[in-house]
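# Notes for the structure review
Below, each chain spelled out in residue letters.
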Amino acid sequence: SEGAFTPNELEAAENYINIVRNDFKFYSNYFQVLPRRISQTSFDNVRFSTYKAKETNFLARFRVNRDNGTTNLEYRLWNTSNEKELVTGSIAYDQNNRNAIHEIADKFYRAIVGKPSIFKDKIVFVSDHKLPEGKKELFIMDFDGANPKRLTWHNGVVISPAVSHDGSKIVYSL
């Protein structure tokens, strides 16, 4: 790494970690997300015996790295019982990149469970929030409730939205 990170970069990194943690908390019937702790070893060095003793099955690590003026978020997932690295990767560091973080969480989930998660899914809904009385418009948001965006401005009443199988179209009544 070269140079210190700004408070905004450090806060964004913490937010990224919390997005992944919260994604997995959604599946709390299957995963117990343990309290976060700062690793006392290098990013690459894992003391598997420590995690095995605590009956921790999987370990995810993140690191913000700046090299030659480029900042990246590196991530890794290990199966601690067999000491095997399951996922490794890096993405360009962008402080407003929730979708990429949900993608990383989905890669972790697929590596553990073998099927896709809902972390990248969107919720389409009708709402009258902050609209004139009697008006309802169409909105979309991340599966976890973040990033709500208004999709229509009909100044009427939108009802019964349905999403196409490939997710590229939304049909609704007005």
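Right, let's walk through the structure included here. From a predicted model like this one, the values you see are computed outputs, not experimental measurements. (Residues numbered from 1 in each chain as written. Predicted model: local features only at pLDDT ≥ 70, side-chain atom pairs only at ≥ 80, totals over all residues. Heavy atoms only, no water.)

## Let's talk about the overall build of the protein
- Within the protein, the secondary structure is distributed over 3 helices and 8 strands.
- The C-alpha atoms of the protein give a radius of gyration of 20 Å, which is well past the 16 Å a tight globule of 174 residues would have.
- Seen along its three principal axes, the alpha-carbon backbone of the protein occupies a region of about 60 × 40 × 25 Å.
- Burial analysis of the protein (174 residues in total) assigns 32% to the buried set.
- Considering only intrachain contacts with a sequence separation of at least 6, the fraction spanning at least 24 residues in the protein is 37%.
- Accessible surface computed for the protein: about 11,000 Å², of which carbon and sulfur atoms make up 48%. (Helix = DSSP H or I, 4+ residues; strand = E, 2+ residues; numbered from the N terminus. Rg over C-alpha atoms; globule rule 2.2 N^0.38 Å. Buried < 20%, exposed > 50% of the residue type's maximum accessible area, 1.4 Å probe, protein only. Contact = heavy atoms within 4.5 Å. Areas by Shrake-Rupley, 256 points an atom, 1.4 Å probe, with all protein chains shown as cover.)

## Overview of the sheet that holds strand 5 (residues 137-142)
- Strand order in the open sheet formed by 3 strands is 4-5-6, with antiparallel pairing between adjacent strands. Edge positions in the open sheet fall to strand 4 (122-127) and strand 6 (149-150), since each of these has one partner strand only.
- Pairing geometry for strand 5 and strand 6, over 2 bridges, is antiparallel. By the bridge assignment, Phe 139 is partnered in strand 6 with Arg 150. (Pairing = 2+ DSSP bridges.)

## Examining the nonpolar core
- Membership of the largest hydrophobic core comes to 23 residues, with the highest contact counts inside it found for Phe 24, Leu 73, Ile 101 and Phe 108.
- Broken down by secondary-structure element, the contributors of at least two residues to this core are helix 1 (7-26), strand 2 (70-79), strand 3 (84-92) and helix 3 (98-113).
- With near-sequence residues (within four places) excluded, Phe 108 lies in contact with Val 20, Phe 24, Ala 60, Phe 62, Tyr 75, Arg 76, Leu 77 and Val 87.
- Grouped together as the second largest cluster of nonpolar side chains are 5 residues, Phe 48, Tyr 51, Leu 59 and Trp 78 included. (Core = buried A, V, L, I, M, F, W, Y, C linked by side-chain atoms within 4.5 Å.)

## Here we look at the environment of Thr 50
- As for its placement among the helices and strands, Thr 50 is situated in helix 2 (residues 48-53).
- A C-alpha to C-alpha distance of 9.4 Å links Thr 50 and Thr 80, two positions 30 residues apart in sequence.

## Observations regarding the pairing of strand 2
- Among the 10 residues in strand 2, 8 count as buried, and that is most of the element.
- Here 10 bridges tie strand 1 (residues 58-67) to strand 2, and the two strands are oriented antiparallel to one another. In the sheet register, Val 64 faces strand 2, and the bridge partner there is Leu 73.
- What sits between the antiparallel neighbours strand 1 and strand 2 is a turn of 2 residues, in which Asn 68 has the positive phi angle 55 degrees.
- Of the strand pairs in this sheet, strand 2 and strand 3 are connected by 8 bridges, and their pairing is antiparallel.

## So, helix 3
- Between its first and last C-alpha, helix 3 extends 22 Å over 16 residues, near the 22 Å set by a 1.5 Å rise per residue.
- Residues Ala 100, Ile 101, His 102, Ile 104, Ala 105, Asp 106, Phe 108 and Tyr 109 constitute the buried set of helix 3.
- Buried positions along helix 3 lie against helix 1, strand 1, strand 2, strand 3 and strand 5.
- Immediately downstream of helix 3, the backbone of Gly 114 shows phi near 90 degrees, a positive value. (Expected span 1.5 Å × (residues − 1).)

These values are about where atoms sit, not about what they do.
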